[in-house]
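In case you want the letters, here they are:
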Amino acid sequence: TRAERPLTLPEIPKAPGNGSRLRRIVVDPGHGGKDPGATGPDGAREKDVVLAIAKDLARCLRKELGCEVILTRKTDTFIPLEERAAIANKDGADLFISIHANASPESQAHGIATYYLNFSKNRQAVEVAARENGTSLKQVGDLQLILLDLMANSKINESSRLASDIQQSLIGDLDRHYAKICDLGARPAPFYVLVGTTMPSVLVETAFISNRREEKRLTSHAYEEATAESIAQGIRNYAKALNLIVSK
């Protein structure tokens, strides 16, 4: 069992002001190094598949949006959750996108969800957050109380809109090419990695690695690339709506 992380949160700096365009995005491949994340029934590791998707996403964003993209990790390296947010804050990122693969004890559970930081009364969302945070459900409850002090400084509304745009793009694009794409929606949840960020931030659960069909997709370059392109398109839709990029 993974050791539970004490709920010591990073200091929340004042949110950096966005310029007239989207300049810099931090893409965060979840887990890494000594933390493999979830493992599929055929042995695929979350840390590997999300790194591949994140690298594809970085390439897509540089090409489509012409902005700088920073990866929190480029190799199989362990980075504590609080340091991932710190990277985004230090580099003055305009957006923070964390990439993960979901897992469930129910082998038939499947689908795609995009989360943004907020309170959640949905037990399934809280359980996903507990797994990704490496905490117990009780600690997730404690984290929700701490979030009360952060609400004024967070970008809840922008993050919710970004999550919705990414989720719509993922479902709309992937559903045309893959069977049984399940829309689990854009959801609020108390993800530790999103707490310290000062910019719109989301966490994308790209598929269930615990589902044999979706595990196979996650290890396919075609699915990884299609997922990355769909996330990039969702970010582009968000940015265009807010006039953060020049329309082509």
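Residues numbered from 1 in each chain as written. Predicted model: local features only at pLDDT ≥ 70, side-chain atom pairs only at ≥ 80, totals over all residues. Heavy atoms only, no water.

S.K.: Any details on the overall build of the chain? Residues and values, ideally.
M.R.: When helices and strands are tallied, the chain shows 8 helices and 6 strands. For the chain, the succession of helices and strands along the chain, N to C, is β-α-β-α-β-β-α-α-α-β-α-β-α-α. Looking at the chain as a whole, 55% of its 248 residues qualify as buried. A separation of at least 24 residues holds for 82% of the contacts in the chain among residues at least 6 apart in sequence. (Helix = DSSP H or I, 4+ residues; strand = E, 2+ residues; numbered from the N terminus. Buried < 20%, exposed > 50% of the residue type's maximum accessible area, 1.4 Å probe, protein only. Contact = heavy atoms within 4.5 Å.)

S.K.: Go over helix H2 (residues 81-90), please, and point to the residues and values.
M.R.: Looking at H2, one finds that the buried residues are Leu81, Arg84, Ala85, Ala88 and Asn89. One side of H2 holds all its buried residues, which, seen down the axis, span an arc of 135 degrees. The first or second residue beyond H2 is Gly92, which carries a positive phi of 60 degrees. (Arc of directions from axis to C-beta.)

S.K.: Please provide a residue-by-residue account of the packing of helix H5 (residues 156-174) against helix H8 (residues 221-241), values included.
M.R.: Where H5 meets H8, the closest approach of the two axes is 8 Å, and the angle between their N-to-C directions is 135 degrees. Compared by their axis directions, H5 and H8 come out oblique. Crossing geometry of H5 relative to H8 is assigned as right-handed. In this structure, H5 uses Glu158, Arg161, Leu162, Asp165, Ile166, Ser169, Leu170, Asp173 and Leu174 to contact H8, whose residues at the interface are Tyr223, Ala226, Thr227, Ser230, Ile231, Gln233, Gly234, Ile235, Asn237, Tyr238 and Ala241. When grouped by side-chain class, the residues that make up the contact of H5 with H8 number 10 nonpolar, 6 polar and 4 charged. (Axes fitted to C-alpha atoms, helices over the stretch in contact; angles between N-to-C directions. Parallel < 35°, antiparallel > 145°, perpendicular 65-115°, else oblique. Left-handed = near helix turned anticlockwise from the far one by under 90°. Nonpolar A, V, L, I, M, F, W, Y, C, P; charged D, E, K, R; others polar.)

S.K.: Describe unusual backbone geometry, with residues and values.
M.R.: In the Ramachandran plot, His31 falls in the positive-phi region, its phi being about 60 degrees despite a non-glycine side chain. Looking at the secondary structure, you find His31 in the loop between strand E1 (24-29) and helix H1 (46-65). For His31, a relative accessible area of 4% translates into the label buried. Phi is positive for Asn243, close to 60 degrees, though the residue is something other than glycine. Structurally, Asn243 is set in the segment after H8. Among the residues examined, Asn243 registers a relative accessible area of 62% and is labelled exposed.

S.K.: Give me the side chain of Thr227: which residues, what numbers.
M.R.: As for its placement among the helices and strands, Thr227 is situated in helix H8. Under the relative-accessibility criterion, Thr227 is labelled buried at 0%. Not counting residues within four places of it along the chain, the set of residues in contact with Thr227 comprises Ile53, Leu170, Leu174 and Thr206.

S.K.: Describe the pairing of strand E2 (residues 68-71), with residues and values.
M.R.: One ladder, built from 4 bridges, connects E1 with E2; its direction is parallel. Each residue of the ladder has a partner; that of Val27, found in E2, is Leu71. For the handedness criterion, the β-α-β arrangement of E1, H1 and E2 is classed as right-handed. (Pairing = 2+ DSSP bridges. Right-handed = clockwise from strand over helix to strand, strands pointing away.)

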